[in-house]
Structure formats: C-alpha cells, structure tokens
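As a plain string of letters, each chain reads:
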Amino acid sequence: VHYSAMLVSGNELVKGIRDASRIGKSAMSCWKKRFHAMHTHSLPHLYDVYHGWVAFYTEPLQSCADAQRQGFDVGISVGETGTAFLDAIQHVGYSFWAG
C-alpha cells in the first residue's frame, strides 16, 4: 500500500496512477483476507494511506469517503485514535467534495 502511495506521489502520468491504484487495491485485498484478524491495529493506517492518497485518483469520491469512515470505525475500535481521526478528517473532506 505504501509503495502505491509512493508511485502516485512522484508520478503524474495517468498510467502510473492506474498501476499504483491497482497495486494498492491488491495489497488492501490481500491484507484483509490474510491478516485482518491478527493485525487490526494496522488497518486504519492502511485505509488512510490507500484511500487517502491513492484511490481518489481512480475511484469515486463517495466510495473513498465510505472507506475512510470504515478506517475511522476500525481505528476507534482498536484504540488507534490518532490514525482514526486522520481517517475522519479525510472522510469529512471527501464527503464534502462528493456532495
């Protein structure tokens, strides 16, 4: 997920952004399937990185806002309040821009 964020941050080419989004989406899917039960404390940060920095280039803003809300919910439930509030800030911003 962090690798995809780095690809987006240094590359304005559309193909690079699409590839980064595909890599990040695959990493998030793998994380949820394999490690969701064991390492839930990392999940809010992954939501923040992928949906906050990468996904809004290729996915609808409303789905990014919904995912940020999920990151907030998970963060609050596992005690990662700092990252949870970062997710909440992103959620409010994306919800505003999505209408």
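A.B. asks: What's the story with the overall build of the protein chain in this structure? I'm lost.
C.D. replies: Check the secondary structure of the protein chain and you find five helices and zero strands. N-terminal to C-terminal, the α/β element order of the protein chain is α-α-α-α-α. Here the protein chain, with 99 residues, has 36% of them falling under the buried criterion. The contacts of the protein chain with a sequence gap of at least 6 include a subset with a gap of at least 24, amounting to 57%. For the protein chain, the accessible area works out to roughly 5,900 Å², and carbon and sulfur atoms hold 62% of it.

A.B. asks: Quick question: what am I supposed to make of helix α3 (residues 43-54) here?
C.D. replies: Along an α-helix, residues three or four apart share an orientation, since each turn contains 3.6 residues. The end-to-end C-alpha distance of α3 is 16 Å, a good match for the 16 Å that twelve residues give at a rise of 1.5 Å each. When you tally the buried positions in α3, you get ten out of twelve residues, the bulk of the element. Among the residues of α3, those classed as buried are Leu43, Pro44, Leu46, Tyr47, Asp48, Val49, Tyr50, His51, Gly52 and Val54.

A.B. asks: What am I meant to see in the pattern of salt bridges here?
C.D. replies: If the charged atoms of two oppositely charged side chains come close together, the side chains can form a pair. Counted under the stated rule, the structure contains two salt bridges. Two residues, Glu59 and Lys25, come together in a salt bridge whose shortest N-O distance is 3.6 Å. A residue pair is termed long-range when its members are at least 10 positions apart, and Glu59 in the loop between α3 and α4 (61-78) and Lys25 in helix α2 (residues 14-35) qualify at 34 residues. Residue classification places Lys25 among the partly exposed residues on the basis of a relative accessible area of 44%.

A.B. asks: Please explain the packing of α3 against α4 as it appears in this structure.
C.D. replies: What describes two packed helices is the angle between their axes and the distance between those same axes. Remark: α3 packs on α4, axes separated minimally by 8 Å, with the N-to-C direction vectors making an angle of 160°. If you check the angle between α3 and α4, you find them roughly antiparallel. In this structure, α3 meets α4 at a crossing whose hand is left-handed. Residues Leu43, Pro44, Tyr47, Asp48, His51 and Gly52 of α3 form the contact with α4, whose participating residues are Cys64, Ala67, Gln68, Gln70, Gly71, Val74, Gly75 and Val78. The residue inventory of the contact of α3 with α4, partitioned by class, reads seven nonpolar, six polar and one charged.

A.B. asks: Would you mind showing me how to read the nonpolar core here?
C.D. replies: Looking at soluble globular proteins, one finds that nonpolar side chains tend to be buried together. Counting 13 residues, the largest nonpolar core has Met28, Leu43, Tyr47 and Tyr50 as the members making the most contacts within it. For this core, the secondary structure elements donating two or more residues are α2, α3 and α4. Element by element, the count of residues in this core is highest for α3, at five residues. Excluding its chain neighbours within four sequence positions, the residues that come into contact with Tyr47 are Met28, Lys32, Gly52, Ala67, Gln68, Gln70, Gly71 and Asp87.

A.B. asks: Would you mind showing me how to read a nonpolar patch on the surface here?
C.D. replies: Residues Phe56, Tyr57, Leu61, Phe96 and Trp97 make up a contiguous nonpolar surface patch of roughly 580 Å² in combined accessible area. For Trp97, the location among the structural elements is in helix α5 (residues 81-98).

A.B. asks: Honestly, the environment of Tyr57 in this entry has me stumped. Any pointers?
C.D. replies: Mapped onto the elements, Tyr57 comes out in the loop between α3 and α4. You can call Tyr57 partly exposed: its relative accessible area is 44%. Remark: the alpha-carbon pair of Tyr57 and Ala20, spanning 37 residues in sequence, is separated by 9.9 Å.

Analysis parameters
- Numbers given to residues run from 1 along each chain, matching the order in which its sequence is written.
- Local features are withheld for residues below a pLDDT of 70 in this predicted model, meaning they are given only at 70 or higher, and side-chain atom pairs are given and counted only at 80 or more; totals for whole chains, interfaces and linings count all residues.
- Hydrogen atoms and water are omitted, and side-chain values are computed over all heavy atoms in the structure.
- A helix here means a DSSP run of H or I that spans at least four residues, while a strand means a run of E at least two residues long, and both kinds are numbered starting from the N terminus.
- Only protein chains enter the area calculation, which uses a 1.4 Å probe; residues under 20% of their type maximum are buried, those over 50% are exposed, and those in between are partly exposed.
- In what follows, residue pairs with any heavy atoms lying within 4.5 Å of each other are defined as contacts.
- For every accessible area listed, the method is Shrake-Rupley and the probe measures 1.4 Å; residues are considered covered only by the protein chains on display.
- What a helix should span is 1.5 Å times the count of its residues minus one.
- Salt bridges, as used here, are contacts in which a Lys or Arg side-chain nitrogen is within 4 Å of a carboxyl oxygen on Asp or Glu.
- The angle between two axes is taken between their N-to-C directions and runs from 0 to 180 degrees, where each axis is a line fitted to C-alpha atoms and a helix contributes only its stretch in contact.
- Roughly parallel here means an angle under 35 degrees, roughly antiparallel means over 145, roughly perpendicular means 65 to 115, and every remaining angle is called oblique.
- When the near helix sits turned anticlockwise from the far one by under a right angle, the crossing is termed left-handed; a clockwise turn instead gives a right-handed crossing.
- In this count, Pro and Cys sit with the nonpolar residues alongside Ala, Val, Leu, Ile, Met, Phe, Trp and Tyr, while Asp, Glu, Lys and Arg are called charged and the others, Gly among them, polar.
- Residues belong to a common nonpolar core when they are buried Ala, Val, Leu, Ile, Met, Phe, Trp, Tyr or Cys residues joined through side-chain atoms within 4.5 Å.
- In this analysis, a patch consists of residues with relative accessible area above 30% that form no salt bridge, clustered at 9 Å for like charges and at 5 Å for the nonpolar side chains Val, Leu, Ile, Met, Phe, Trp and Tyr.

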